[in-house]
Amino acid sequence: MSILLGCIADDFTGATDLANNLVRNGMRVSQTIGIPQHNLNSELDAVVVALKSRNLEPEAAIAQSLEALEYLLAQGAQQIFFKYCSTFDSTPKGNIGPVTEALMRALGTDFTIATPAFPDNGRSVFKGYLFVGDQLLSESGMRDHPLTPMTDANLVRVMQAQCQHQVGLIEYQTVLAGADAISSRITHLKASNAKIAIVDAVTNDDLYRIAPALKDLPLITGGSGIAIGLPANFGLRAHPASSKLPPASGYQAIVSGSCSQATNLQVKSFKSSGGEMYAVNPLTLNEKSVEQILQEILTWAEPRLSRGPVLIYSSASPDQVKEVQSQLGVQAAGSAIENLLGLVAKGLVALGVRQLLVAGGETSGACVKALGIDQMQIGQQIDPGVPWCYAEVQNRPLHIALKSGNFGAADFFTNAFSKL
Ligand code: ADP
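Note that the structure is a prediction, hence the values are computed from the model and not measured.

Undergrad: Break down the pattern of salt bridges for me, citing the residues and quoting the values.
TA: This model, assessed by the stated rule, comprises 11 salt bridges. Among the ionic pairs, Glu-276 bridges to Arg-307, the shortest N-O distance being 3.3 Å. Placement of the pair is Glu-276 in strand β13 (residues 276–279) and Arg-307 in the loop between α10 (290–301) and β14 (310–313), with a sequence separation of 31 residues. In this structure, Glu-296 engages Lys-288 in a salt bridge whose closest nitrogen and oxygen atoms are separated by 3.0 Å. Linked by salt bridges that have partners in common, Asp-10, Asp-11, Arg-54 and Asp-89 make up one network.

Undergrad: Could you give an account of unusual backbone geometry, naming the residues involved and the relevant values?
TA: Omega for the peptide link from Gly-94 to Asn-95 comes to 15°, which places this bond in the cis form. Here Asn-95 lies in the loop between β4 (79–83) and α3 (96–107). In this structure, Lys-127 takes a positive phi of about 55° despite not being glycine. Within the secondary structure layout, Lys-127 lies in the loop between β6 (123–126) and β7 (129–132). Phi at Asn-193 is positive, roughly 75°, even though this residue is not glycine. Along the chain, Asn-193 turns up in the loop between α6 (179–191) and β10 (194–199). On the basis of relative accessibility, which here comes to 48%, the residue Asn-193 falls in the partly exposed class.

Undergrad: I'd like a description of the environment of Asp-17, backed by residues and values.
TA: Positionally, Asp-17 belongs in helix α1 (residues 12–24). Its relative accessible area of 16% is what places Asp-17 among the buried residues. Sequence spacing of Asp-17 and Pro-384 is 367 residues, and the spatial spacing of their C-alpha atoms is 8.7 Å. Ignoring any residue separated from it by four or fewer positions in sequence, one finds Asp-17 in contact with Ser-224 and Gly-385.

Undergrad: Tell me about the site of the ligand, residues and numbers included.
TA: In the neighbourhood of the ligand, 18 residues make up the surrounding shell, with Ser-258, Ser-260, Glu-338, Glu-362 and Thr-363 lying closest. Within the side chain of Ser-258, a nitrogen or oxygen atom sits 2.7 Å from an oxygen atom of the ligand. Here Ser-260 contributes a side-chain N or O atom positioned 2.6 Å from an oxygen atom of the ligand. Coverage of the ligand by the protein chains reaches 83% of its 570 Å² of free accessible surface. Of all the secondary-structure elements, those providing two or more residues to the shell around the ligand are α11 (318–328), α12 (330–350) and α13 (361–371). Of the residues that constitute the shell around the ligand, the class distribution is six nonpolar, 10 polar and two charged.

Undergrad: Account for the pairing of strand β17 (residues 386–393), with residues named and values stated.
TA: Burial analysis of β17 places seven of its eight residues in the buried class, which makes it a mostly covered element. Sheet analysis places strand β16 (residues 375–383) next to β17, joined by four bridges and oriented antiparallel. Across the sheet, Ile-378 pairs through a bridge with Cys-389, a residue of β17. Count of turn residues in the β16/β17 antiparallel hairpin: two residues, of which Gly-385 carries a positive phi of about 85°. Pairing between β17 and strand β18 (residues 396–403): five bridges, direction antiparallel. Across the sheet, the residue bridging to Val-393 is Arg-396, located in β18. Joining the antiparallel neighbours β17 and β18 is a turn of two residues, in which Gln-394 adopts a positive phi near 50°.

Calculation criteria
- Sequence order as written defines the numbering, with residues in each chain counted from 1.
- Only residues with pLDDT of 70 or above have their local features reported here, since the model is predicted, and side-chain atom pairs are shown and tallied only from 80 upward, although totals for entire chains, interfaces and linings are computed over all residues.
- Neither water nor hydrogens contribute to the side-chain values; these are computed over all heavy atoms in the structure.
- We define a salt bridge as a side-chain nitrogen of Lys or Arg found within 4 Å of a carboxyl oxygen belonging to Asp or Glu.
- Starting at the N terminus, helices and strands are each numbered in turn, a helix being any DSSP run of H or I of at least four residues and a strand any DSSP run of E of at least two.
- Partly exposed residues are those whose accessible area sits between 20% and 50% of the maximum for their type, while under 20% is buried and over 50% is exposed, using a 1.4 Å probe and protein chains only.
- Contacts are residue-level and defined by heavy atoms, with any inter-residue pair within 4.5 Å sufficient.
- The nearness test applies per residue and asks whether one of its heavy atoms lies within 4 Å of the molecule or strand.
- In the analysis that follows, any N or O atom pair within 3.5 Å is treated as a polar contact, provided that within protein one partner can donate a hydrogen and the other can accept it, and provided that, for residues neighboring in sequence, both atoms belong to side chains.
- Per-residue and other accessible areas follow the Shrake-Rupley method at a 1.4 Å probe size, with only the shown protein chains counted as cover for residues.
- Note on residue categories: nonpolar means Ala, Val, Leu, Ile, Met, Phe, Trp, Tyr, Cys or Pro, charged means Asp, Glu, Lys or Arg, and polar means any other residue, Gly included.
- Following DSSP output, two strands are said to pair if at least two bridges run between them.

Geometric values such as these leave the question of function open.
Below you can see the structure in the form of structure tokens.
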């Protein structure tokens, strides 16, 4: 098996977002959790290696990314895509710049582009400035991000601060003029010694205009948006077969540890549809052992599974969350609940659940880990950014969808199963 596009993503849900965009444009894609220890055996066009490197020290992020690169090249990847957040989450130390330059060195290439633009999600780049919806990045909520505060919206400046190479710009006028004009601009930038270019894009059409000019670059970097035009460079077109997963079977369940607004609405909607649900009270973690709580949950679930999807949730309102955090501690509450819900997911699969929805980014990470999943094939999109995936857990099939907090419509918990 030989793949066309090899992708390295700096976080887990970003990897799924990218994989989803590639599938919707005609590629058969698998996402791996970390760097796999084995070669992939299914027929694939692209592999997305999900790292957790966004907030590591640059040296560690580089080391992981180079290891991922080596793996992807061994799978035959003809082009490499480095995916980061569409809000360019980084600090003056990195990691977008240092990882980009390390990948360029390893691939022996003297030019790449960088664009987080994804107009469908409200991320546009104009004259090198990144907008989040109607606001400049530096005036958006990102300016107060706890780990990667973004206080400058000028991406040429932001990228230059992280890079040794010179950073240039491919302006909107050039993008509008099409792929040939972009290619000429790339030749011009190279001649003036720029090795990385931020690219303007304010509509999806711009992304499709840019893509053909990237065909021969060994390395492309950006958000998930620019990926929508890449499958066509390999002669692929959107096709239902690319999202086809093996048929679904078994019981259905939902595990939710997300307390985001959208998830709380989804819990409410599931309740009003008459769904069976079990509320996990995190405060009982102070009174009982995890094994005891787990047993109670699984004993509740077992007789109900044959009647339709069950929901097990710790999702709660901001006030309830504060109460739990004040009693258990913020970090301790988070990781204890994640651990419990991971075990619940594993227990449910042991009871015959073969269709599993997980709500919450961190919760998803915990469930995937508990289930021992290291690879997922990406299927049909349920709601924007959230596809059904297929994995094998101890040689048994599992359809799994991982939803980060604010994704999904109110009826997500009921609607998702009907999409399988
Ligand atoms: P989201 O994607 O919505 O941010 P995450 O799963 O990433 O969801 O994060 C939610 C965090 O809140 C997790 O660490 C989870 O364990 C924790 N959590 C879940 N339920 C509660 C609760 N009732 N009280 C306090 N913390 C909770």
